[in-house]
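# Breakdown of the fold
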Amino acid sequence: MGSVDEERSLLEAELDQAESNGLYTGDGSVDFNGNPVLKQSTGNWRACPFILGNECCERLAYYGIAANLVSYLTKKLHEGNVSAARNVTTWQGTCYLTPLIGAVLADAYWGRYWTIAAFSTIYFFGMCTLTLSASIPALKPAECVGSICPSATPAQYAVFFFGLYLIALGTGGIKPCVSSFGADQFDDTDPNERVKKGSFFNWFYFSINIGALVSSSLLVWIQDNAGWGIGFGIPALFMGLAIGSFFSGTALYRFQRPGGSPLTRMCQVLVAAFHKRSLKVPEDSTLLYETGDKHSAIEGSRKLEHSEELKCLDKAAIVTDVETKSGDFSNPWRLCTVTQVEELKILIRMFPIWVTGIVFSAVYAQMSTMFVEQGMMMDTKIGSFTIPPASLSTFDVISVIFWVPIYDRIIVPIARKFTCKERGFSELQRMGIGLFISVLCMSAAAVVEIRRLQLAKELDLVDKQVAVPISILWQIPQYFLLGAAEVCTFIGQLEFFYDQSPDAMRSLCSALSLLTTSLGNYLSSFILTLVTYFTTKGGQIGWISDNLNEGHLDYFFWLLAGLSFLNMLVYTLCASRYKQKKAS
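Residues numbered from 1 in each chain as written. Predicted model: local features only at pLDDT ≥ 70, side-chain atom pairs only at ≥ 80, totals over all residues. Heavy atoms only, no water.

- Looking up the protein chain in an unreviewed UniProt entry gives the name Major facilitator superfamily (MFS) profile domain-containing protein, with the organism given as Gossypium darwinii.
- Heading Sequence similarities (unreviewed entry) of the UniProt record for the protein chain holds this comment: "Belongs to the major facilitator superfamily. Proton-dependent oligopeptide transporter (POT/PTR) (TC 2.A.17) family."
- The UniProt entry for the protein chain carries the following text under Subcellular location (unreviewed entry): "Membrane". (UniProt positions renumbered as here; feature names shortened; annotations may be inferred.)

### Things to note about the overall build of the protein chain
- A count of helices and strands for the protein chain gives 18 helices and four strands.
- Compactness check: the protein chain gives a C-alpha radius of gyration of 27 Å against a globular reference of 25 Å for 584 residues, within 12% of the reference.
- Taking the principal axes of the C-alpha coordinates as reference, the protein chain spans close to 90 × 50 × 50 Å.
- Burial status across the protein chain gives 52% buried among its 584 residues.
- A fraction of 82% describes how many contacts in the protein chain between residues 6 or more apart in sequence connect residues 24 or more apart.
- For the protein chain, the accessible surface area stands at approximately 25,800 Å², while carbon and sulfur atoms represent 65% of it.
- The positive charge centre, built from 45 side chains, and the negative charge centre, built from 51, are 3 Å apart in the protein chain. (Helix = DSSP H or I, 4+ residues; strand = E, 2+ residues; numbered from the N terminus. Rg over C-alpha atoms; globule rule 2.2 N^0.38 Å. Buried < 20%, exposed > 50% of the residue type's maximum accessible area, 1.4 Å probe, protein only. Contact = heavy atoms within 4.5 Å. Areas by Shrake-Rupley, 256 points an atom, 1.4 Å probe, with all protein chains shown as cover. Lys, Arg positive; Asp, Glu negative; His and termini not counted. Charge placed at Lys NZ, Arg CZ, Asp CG, Glu CD.)

### Description of the packing of aromatic side chains
- Enumeration according to the criterion identifies 45 aromatic pairs in this entry.
- Relative to Trp403, the ring of Phe402 has its centre 5.1 Å away and its plane inclined at 80°; by these criteria the two rings are edge-to-face.
- Taking the relative accessible area as the measure of exposure, Phe402 reaches 41% and is therefore partly exposed.
- Aromatic rings pair up to connect Phe32, Tyr113, Trp114, Phe181, Phe246, Phe247, Tyr253 and Phe255 into one cluster.
- The lysine or arginine in question, Arg59, covers the ring of Tyr62, its NZ or CZ lying 4.3 Å from the ring centre.
- When the ring centre of Phe274 is taken as reference, the NZ or CZ atom of Arg277 above it lies at 4.3 Å. (Phe/Tyr/Trp six-rings, centres within 6.5 Å; stacked < 30°, edge-to-face > 60°. Lys NZ or Arg CZ within 6 Å of the ring centre and 35° of its normal.)

### What to know about a nonpolar patch on the surface
- A contiguous nonpolar patch, built from Leu559, Leu563, Phe565, Leu566 and Leu569 and spanning about 410 Å² of accessible area, is present on the exposed surface.
- Relative to the helices and strands, Leu566 resides in helix α18 (residues 553–577). (Patch = residues over 30% accessible without salt bridge, like charges linked within 9 Å, V, L, I, M, F, W, Y side chains within 5 Å. Salt bridge = Lys/Arg side-chain N within 4 Å of Asp/Glu carboxyl O.)

This is the structure we're talking about:
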């Protein structure tokens with residue numbers, strides 16, 4: 001027995017020596033077989049092309065369905081406009097809620113790799129089901145004859161929505177895990193790799209928008225002109241390529257071990273702290289309970305240093321006399337480690353930053369709603385060519401594709417000279433810049449609307465529900481500003497929720513950051529409801545009437561600009577007080 005312990009101690013000593021020499025990663029990552037990984041042959045940028053390829057193909061597949069889904073529901077399934085819009089928004093909302101399921105499975109049980117693999121397969125089956133429903137005559141309604149459009153049968157609806165919601169479930173395992181899995185390829189304890197990780201998030205978001213650009217242009221055209229069977233079949237093919245790309249890099253990947261249920265650990269801290277609520281927290285934080293060796297009690301997680309705020313939670317780590325005498329420290333519902341307590345503290349500290357992201361997402365939601373409605377009341381003709389108002393969102397994608405390399409290759413090196421920060425700006429500074437740009441975006445939209453309404457008044461078009469002769473291209477600045485705000489805020493969020501989250505909760509925190517998009521859409525709908533209610537009192541026309549020429553959409557845009565400005569001030573206050581996590 002002694003020789004086994006000696007061999008184990010010798011092996012650990014050799015690994016520690018190799019780790020200190022920089023041969024192995026220092027963040028606890030392992031290879032596919034669970035062994036420590038050599039830096040020179042795994043991870044880093046050599047593993048990222050497979051992950052970025054997976055994300056680009058998956059997003060192309062997703063937007064290949066989402067971008068034109070309302071058209072399929074109205075033109076092929078013969079749904080009404082309201083029903084189709086409701087089905088699309090419900091499905092998209094579900095796509096941003098299911099990541100909570102995938103995140104818990106990844107952090108607690110399966111790890112990010114196997115979660116991505118399992119849910120990608122579900123996603124692919126959903127895509128194939130959707131393709132079959134649009135290709136096989138028996139699975140879709142007959143074409144309209146004049147004004148008579150036969151409704152889809154319950155069975156046809158069932159097959160279509162079964163495929164659609166398989167896709168929603170599939171995104172739940174992919175969206176919170178892929179960005180975190182890509183960042184896992186860079187060792188947090190290596191300064192050089194830490195800088196590269198900041199670049200990874202930029203190019204990760206770049207790959208998302210490349211996929212979105214192809215979908216919103218080429219695939220939408222194919223669906224409208226070549227048929228929906230091939231229009232859904234191509235995204236299904238790209239989803240297959242996404243899976244192939246992901247598995248191809250397996251030998252090069254670095255893996256983080258799942259650490260058990262994060263929800264259970266948070267509950268344990270609360271229960272233990274409540275049970276010991278009458279005890280006093282010792283002045284010396286070293287007296288609080290923590291494992292004696294260098295490894296954390298949580299699998300796959302580094303130890304976290306004690307922080308001074310939220311001392312009421314520290315009571316969960318107080319070692320009582322009874323526990324000391326018995327020597328039994330094994331009940332996590334009565335005694336938690338400092339690292340476990342700090343996990344919950346980190347989530348509480350991140351909460352105000354998370355909340356401010358909801359308002360930004362509400363601004364972002366205008367791109368597919370009020371910006372489009374504004375464009376519909378403008379001149380959409382360029383020569384003999386007519387621009388669909390919704391297609392101007394392409395300029396948002398182009399803006400992102402333009403700004404990502406500019407930010408990564410030009411702005412960051414310049415900012416680094418002034419701030420002395422390895423990434424040019426901290427995640428919090430970057431997000432703050434994005435929130436400021438979002439104020440400019442809404443202000444630009446308001447200015448365009450003011451000019452549009454002035455022209456409508458001058459040409460006596462106020463009472464007429466017709467487009468005003470002002471070019472829709474005047475909307476380009478607001479889309480371009482929104483893209484710049486995305487590059488700062490959304491990518492900053494990806495970095496922030498990865499870097500600042502506990503090691504064993506990274507997928508969960510990524511899912512929470514995605515949840516702001518869903519909540520932002522709900523907030524936008526709530527604001528619209530309130531504005532409509534208060535501005536139509538007493539029989540008034542209201543800011544957003546059916547005829548925008550007699551409404552005041554500019555007031556609505558100014559309202560959002562004002563809310564964004566207030567949100568930025570609250571964010572600045574929260575960010576200035578935010579305490580960074582400290583991991584051993």
